[in-house]
Amino acid sequence: MAWFREVAIFALLLCAPTNAQPCTNPAKRRAWHTLNNIEKTEYLDAELCLMNKPARLGLPGAKTRFDELQAIHQLQAYATHHVGAFLPFHRLMMLAHETALRTECGYTGYQPYWQEQLDAGKFSQSVLFDPVYGFGGDGSRTTGCITTGPFANYTNSLGPGYEITNHCINRRISDAMSARSSQANVGNCLAKPDFGTAWPCIEDAPHGGGHGGVGGQMINGVSSPGDPIFYLHHTWLDKVFWDWQARDRANRTGGITGTNIMPDNRRGFPPRPASIPKPTGADGDPGTVTTLGHVLNMYGNSPNKTIADVMDIQGEFLCYQYVEP
Ligand SMILES: *[C@@H]1O[C@H](CO)[C@@H](O)[C@H](O)[C@H]1NC(C)=O
Ligand SMILES: *[C@@H]1O[C@H](CO)[C@@H](O)[C@H](O)[C@H]1NC(C)=O
Ligand SMILES: *[C@@H]1O[C@H](CO)[C@@H](O)[C@H](O)[C@H]1NC(C)=O
Ligand SMILES: [Cu+2]
């Protein structure tokens, strides 16, 4: 039965776990500014689809799949902002959103990003806010609600902050605050020598530029994913993070640092109600410093991952690239 043994060995070789899956054909994430109107419409339609899919995770207050991704952000705001996990967590959250659009809503593209430098200081004129091929315009000066665009009638079930209330998507565009998304500020962060200085730099000016420049729901550190433009903003920040990492890839995908818990009462973060447990920061870290073993909690939407899993965007788990605009 020699043939049998040979077949068995061959089968064994085929089935042997190959944990080193090389990323040979990375997905291309493109700038919104470079999408054509058909591509923009496909993305906006897929987002509307997610907003119409019923929730399935049982997270408090979330009515739709779109809300559930917002809930994942709301429930652990204190464990994912002003901490070492800030950039890795939002990287995984962008993937969760992209995956939901593709697998649940038939979207065939990849998560686009908002190249904010192009609009810094003049968000009010950005094509992102186009009423037909964009996210709709500014909030009404009386109600704050957006009144144009595909999301004008969406009812957020979560927010503001930790609240669970029905309300519109609101915005208050500030060109002055949007100036913080400038190329000068991005370049300043890209020049930082290590993660311990690059991450707070990215979280401060470029991150604050997008949130403050759009305003309304977006300026709320807890419930900001209620405005779908959040995903374009954070995918851009992920690009900035990667652009920094790629300057010294081996070193900058191989280590992390930071604190585990955001201090109470940070600007932009409403007080955490008693019903939301204060994160212990014990999500895989042995002490009070963020490590590569830190667990990123996806609340059952998709498997939890560690920070190590998401440090390289062309690694064994992630496989995408950013196309320059
Ligand atoms: C929003 O609702 C109004 C009033 O029902 C309707 O006229 C409008 O077309 C709706 N807009 C969208 C984008 O669905
Ligand atoms: C990255 O470089 C710094 C500075 O040389 C060094 O302290 C650190 O250990 C390096 N980290 C990794 C993962 O190589
Ligand atoms: C995901 O991580 C959280 C926080 O560490 C943990 O409580 C939860 O049980 C994990 N979920 C799964 C499915 O492993
Ligand atoms: Cu966030």
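Keep in mind that what you see is a predicted model, and the values were worked out from it rather than measured. (Residues numbered from 1 in each chain as written. Chains lettered and ligands numbered in written order. Predicted model: local features only at pLDDT ≥ 70, side-chain atom pairs only at ≥ 80, totals over all residues. Heavy atoms only, no water.)

Enquirer: Go over the overall build of the protein, please, and point to the residues and values.
Expert: Scanning the protein from N- to C-terminus turns up 11 helices and 4 strands. In terms of C-alpha radius of gyration, the protein reaches 20 Å, essentially the compact-globule figure of 20 Å for 325 residues. On the principal axes, the C-alpha backbone points of the protein span a range of 85 × 45 × 40 Å. Contacts spanning at least 24 positions in sequence make up 70% of the contacts within the protein whose residues lie at least 6 apart. Put simply, the protein shows about 14000 Å² of open surface, and 56% of that area lies on carbon and sulfur atoms. Taken together, the 26 basic and 29 acidic charged side chains of the protein have centroids lying 1 Å from each other. (Helix = DSSP H or I, 4+ residues; strand = E, 2+ residues; numbered from the N terminus. Rg over C-alpha atoms; globule rule 2.2 N^0.38 Å. Contact = heavy atoms within 4.5 Å. Areas by Shrake-Rupley, 256 points an atom, 1.4 Å probe, with all protein chains shown as cover. Lys, Arg positive; Asp, Glu negative; His and termini not counted. Charge placed at Lys NZ, Arg CZ, Asp CG, Glu CD.)

Enquirer: Before we move on, could you go through helix α2 (residues 37-52) and cite the residues and values that matter?
Expert: End to end, α2 covers 22 Å across 16 residues, agreeing with the expected 22 Å (1.5 Å per residue, within 8%). In this structure, the buried side of α2 is in contact with α3 (65-75), α5 (86-105) and α9 (229-246). For α2, the capping residue at the N-terminal end is Asn-36, with a side-chain oxygen 3.0 Å from the backbone nitrogen of Ile-38. (Expected span 1.5 Å × (residues − 1). Polar contact = N/O pair within 3.5 Å; in protein donor to acceptor, adjacent residues only side chain to side chain.)

Enquirer: So what's going on with the environment of Cys-49? Which residues, and what values?
Expert: Structurally, Cys-49 is set in helix α2. On a C-alpha basis, the gap between Cys-49 and Ala-100 in space is 10.0 Å, while along the polypeptide they are 51 residues apart. Setting aside its immediate chain neighbours within four residues, Cys-49 contacts Glu-104 and Cys-105.

Enquirer: Could you give an account of the UniProt feature "domain: Tyrosinase copper-binding" (unreviewed entry) in the protein, naming the residues involved and the relevant values?
Expert: Mapped onto this numbering, the UniProt entry gives "domain: Tyrosinase copper-binding" (unreviewed entry) at residues 81-98 and 227-238. Secondary structure over residues 81-98 splits into 72% helix and 0% strand, and the C-alpha atoms at its two ends are 21 Å apart. (UniProt positions renumbered as here; feature names shortened; annotations may be inferred.)

Enquirer: Tell me about the site of ligand 3, and please be specific about residues and values.
Expert: With respect to spatial proximity, the complete set of residues near ligand 3 consists of Asp-283, Val-295, Asn-297 and Asn-304. Measuring from an oxygen atom of ligand 3, one finds a side-chain N or O atom of Asn-304 at 2.3 Å. Surface burial for ligand 3 is 39%, taken as the share of its 360 Å² of free accessible area covered by protein chains. (Near = heavy atom within 4 Å.)

Enquirer: Outline helix α8 (residues 195-214), supporting the account with residue identities and numerical values.
Expert: Taking 1.5 Å of rise per residue, 20 residues should cover 28 Å, and α8 covers 27 Å from first to last C-alpha, within 8% of that figure. Its axis deflected by about 40° at Gly-208, α8 carries its strongest bend there. Among the 20 residues in α8, 16 count as buried, and that is most of the element. A positive backbone phi angle near 70° is found at Gly-215, which sits one or two residues after α8. (Bend = angle between axes of the 7 residues up to and from the residue. Buried < 20%, exposed > 50% of the residue type's maximum accessible area, 1.4 Å probe, protein only.)

Enquirer: Describe the coordination of the copper ion (ligand 4), and please don't skip the residues or the numbers.
Expert: Within the protein, the atoms that donate to the copper ion (ligand 4) are His-73 (NE2), His-81 (NE2) and His-90 (NE2), at distances of 2.0 to 2.1 Å. Along the chain, the residues that donate to the copper ion (ligand 4) are spaced as H-x7-H-x8-H. There is no split in this pair, since His-73 and His-81 are both buried. (Donors = N, O, S within 2.8 Å, 3.2 Å for Na, K, Ca; no water.)

Enquirer: Kindly report on unusual backbone geometry, identifying the contributing residues and their values.
Expert: The linkage connecting Gly-159 with the following residue, Pro-160, adopts the cis geometry, with an omega of -5°. By the secondary structure assignment, Pro-160 is in the loop between α5 and α6 (175-178). One non-glycine residue, His-82, lies in positive phi territory at about 55°. Relative to the elements of secondary structure, His-82 occurs in the loop between α4 (77-80) and α5. Judged by relative accessible area, His-82 falls into the partly exposed class, the value being 22%.

Enquirer: Hey, could you go over the nonpolar core for me, with residue numbers and the actual values?
Expert: Nonpolar side chains tend to gather and get buried jointly when the protein is soluble and globular. Ranked by internal contacts, the top residues of the largest apolar core, which has 80 residues, are Tyr-43 and Phe-135. Top contributing element to this core by residue count: α5, with 11 residues. (Core = buried A, V, L, I, M, F, W, Y, C linked by side-chain atoms within 4.5 Å.)

Enquirer: Account for the state of the cysteines, with residues named and values stated.
Expert: Summed over all chains, the structure comprises 4 disulfides. Between the sulfur atoms of Cys-23 and its disulfide partner Cys-319 the distance amounts to 2.0 Å. Taking the sign of the S-S torsion, 85° for the link of Cys-23 and Cys-319, the bridge is right-handed. Within this pair, whereas Cys-23 is found in the loop between α1 (2-15) and β1 (27-29), its partner Cys-319 is found in the loop between α11 (307-310) and β4 (320-322), the two being separated by 296 residues in sequence. For Cys-23, a relative accessible area of 19% gives the class buried. When its relative accessible area of 27% is taken as the criterion, Cys-319 is described as partly exposed. Here Cys-189 engages in a disulfide with Cys-201; their sulfurs sit 2.1 Å apart. Looking down the S-S bond of the Cys-189 and Cys-201 bridge, the torsion is -85°, so its handedness is left-handed. With Cys-189 in helix α7 (residues 183-190) and Cys-201 in helix α8, this residue pair connects regions lying 12 residues apart in the sequence. Of the two residues, Cys-189 and Cys-201, both sit in the buried class. (Disulfide = S-S within 2.5 Å.)

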